[in-house]
Amino acid sequence: MAAIFSAASPPPPSSSGIDNHGLPRPPGRESPPPRLASGNLLPCLQLCQSVSQRKSRWIQHMICGLKEIRSAAILLHQSHLQGNMAFAGKYEFEGDENYDDFVTKIGLPSDKIEMGRNCKIVTEVVQNGNDFTWTQHFPGGRTTTNTFTIGKEADMETMGGKKFKATVKMEDGKIVAEFPNYRHTAEISGGKLVEISTSSGVVYKRTSKRIA
């Protein structure tokens, strides 16, 4: 009998339980899936590679963005700490501006006006977190101390000795307090303690140099 399949043409796969050689196929064994030609796989590989590259670039951008946010947060935090901690120290009076007009405006008694004129006041600032102790040492041994916590009401005393209650704030690196008849701010500028008091448009500025 002539052969149905030549040696050059392998028999097609059988869908029955008999393999191409007429033998029973083992249970559970099926015909192998058809293979794609290597040329057909190339577009799939290129697509996968393109998707992977885009995903990788997106992850890199996201990581860079997180790093920038973290760096900005660290700088902001450091700036905040430096602004709060810069006050601690001891400062000696160096000069002032508009003293007479200001003390007259707030009604300071004449004896206290003369006492404070060109007075070598030493200001000592002690800080623990948001807690401050602000002490002014006058020639002759007299001292005035204000103890306060940023954002909380505290008992305070004016330069004339009047006691009152106020809530001291921190605004843009400046300590700000509303006294009964003037607004007082204090900041560190150029390594010096600069205090500005304002009453109805009259501005008094006092500068003290750091000595400790």
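Residues numbered from 1 in each chain as written. Predicted model: local features only at pLDDT ≥ 70, side-chain atom pairs only at ≥ 80, totals over all residues. Heavy atoms only, no water.

Caption draft 1: The arrangement of the overall build of the protein in detail. A count of helices and strands for the protein gives 3 helices and 11 strands. Listed N to C, the secondary structure of the protein is α-β-α-α-β-β-β-β-β-β-β-β-β-β in terms of helices and strands. Across the 212 residues that make up the protein, the buried fraction comes to 25%. Across the protein, the fraction of contacts at a sequence separation of at least 24, relative to all contacts at a separation of at least 6, is 38%. When the accessible surface of the protein is totalled, it reaches about 14700 Å², and 56% of it is carbon and sulfur. (Helix = DSSP H or I, 4+ residues; strand = E, 2+ residues; numbered from the N terminus. Buried < 20%, exposed > 50% of the residue type's maximum accessible area, 1.4 Å probe, protein only. Contact = heavy atoms within 4.5 Å. Areas by Shrake-Rupley, 256 points an atom, 1.4 Å probe, with all protein chains shown as cover.)

Caption draft 2: Focus on the packing of aromatic side chains. Taken as a whole and judged by the stated rule, the model has 8 aromatic pairs. Ring geometry for Phe 132 against Phe 148: centres 5.4 Å apart, planes inclined by 10 degrees, an arrangement best described as stacked. Here the residue Phe 132 occupies a position in strand E3 (residues 131-137), and Phe 148 occupies one in strand E4 (residues 143-149), the gap between them amounting to 16 residues. Here the two residues Phe 132 and Phe 148 agree in accessibility, since each one is buried. Judged by centre distance (4.7 Å) and plane angle (15 degrees), the ring pair of Phe 179 and Tyr 182 falls under stacked. No difference in accessibility class separates Phe 179 from Tyr 182, as the two residues are buried. The cationic tip of Arg 142 hangs over the ring face of Phe 138; the distance from NZ or CZ to the ring centre is 4.0 Å. (Phe/Tyr/Trp six-rings, centres within 6.5 Å; stacked < 30°, edge-to-face > 60°. Lys NZ or Arg CZ within 6 Å of the ring centre and 35° of its normal.)

Caption draft 3: Examining the environment of Arg 142 more closely. Considering the arrangement of structural elements, one finds Arg 142 in the loop between E3 and E4. If near-sequence neighbours (up to four positions away) are discounted, Arg 142 is found in contact with Met 115, Gln 136 and His 137.

Caption draft 4: The arrangement of the pairing of strand E9 (residues 183-189) in detail. As judged from the 4 bridges shared by strand E8 (residues 174-178) and E9, these two strands associate in the antiparallel manner. Within E9, the position partnered with Ala 177 by the bridge is His 184. Inspection of the sheet shows E9 paired to strand E10 (residues 192-199) by 7 bridges, in the antiparallel sense. Looking at the pairing, Ala 186 lines up with Glu 195 of E10. Between E9 and E10, which pair antiparallel and follow one another directly, the connecting turn spans 2 residues, one of which, Gly 190, has a positive phi of 65 degrees. (Pairing = 2+ DSSP bridges.)

Caption draft 5: Up close: the confidence of the model for the protein. Mean pLDDT over the protein stands at 78; residues scoring 70 or higher make up 65%. A low-confidence stretch, residues 1-9 stays under pLDDT 50, and its non-local contacts, those more than four residues away or across chains, total 2 contacts. Here residues 74-84 is a poorly scored stretch, pLDDT under 50, and it has 5 contacts once near neighbours within four places are set aside; other chains count. (pLDDT = per-residue confidence, 0-100.)

Caption draft 6: Representation of the nonpolar core. In this structure, Phe 87, Trp 134, Phe 148 and Ile 175 are the most contacted members of the largest nonpolar core, which totals 26 residues. Only helix H2 (99-105), E3, strand E5 (153-157), strand E6 (163-167), E8 and strand E11 (202-210) provide two or more residues apiece to this core. At 3 residues, the largest contribution of residues to this core is made by H2. (Core = buried A, V, L, I, M, F, W, Y, C linked by side-chain atoms within 4.5 Å.)

Caption draft 7: Seen up close, the sheet that holds E10. Spatially, the 9 strands line up as an open sheet ordered E4-E3-E2-E1-E11-E10-E9-E8-E7, and their pairing is antiparallel. What marks the edges here is a single partner per strand, and that holds for E4 and strand E7 (169-171). Within the sheet, the average angular offset between the axes of one strand and its neighbour, ignoring direction, is 25 degrees. (Axes fitted to C-alpha atoms, helices over the stretch in contact; angles between N-to-C directions.)

Caption draft 8: Spatial organisation of the pairing of E11. As paired elements, strand E1 (residues 89-97) and E11 share 6 bridges and run antiparallel to each other. Looking across to E11, one finds that Asp 96 is bridged to Arg 206. Examined bridge by bridge, E10 and E11 share 8 bridges and lie antiparallel to one another. Residue pairing for E11: Leu 193 is matched across the bridge by Ser 208. Hairpin remark: E10 followed by E11, antiparallel, with 2 residues in the connecting loop; positive phi at Ser 200, about 50 degrees.

Caption draft 9: Representation of the pattern of salt bridges within the structure. This structure, assessed with the given rule, holds 9 salt bridges. Taking the shortest distance from any N to any O, the salt bridge between Lys 192 and Glu 94 comes out at 2.8 Å. With Lys 192 in strand E10 and Glu 94 in strand E1, the pair connects residues that are 98 residues apart, well separated along the chain. Judged by its relative accessible area of 39%, Glu 94 is partly exposed. Note that Arg 183 is salt-bridged to Glu 171, the shortest N-O span being 3.5 Å. With Arg 183 in strand E9 and Glu 171 in strand E7, the pair connects residues that are 12 residues apart, well separated along the chain. You can call Arg 183 partly exposed: its relative accessible area is 34%. (Salt bridge = Lys/Arg side-chain N within 4 Å of Asp/Glu carboxyl O.)

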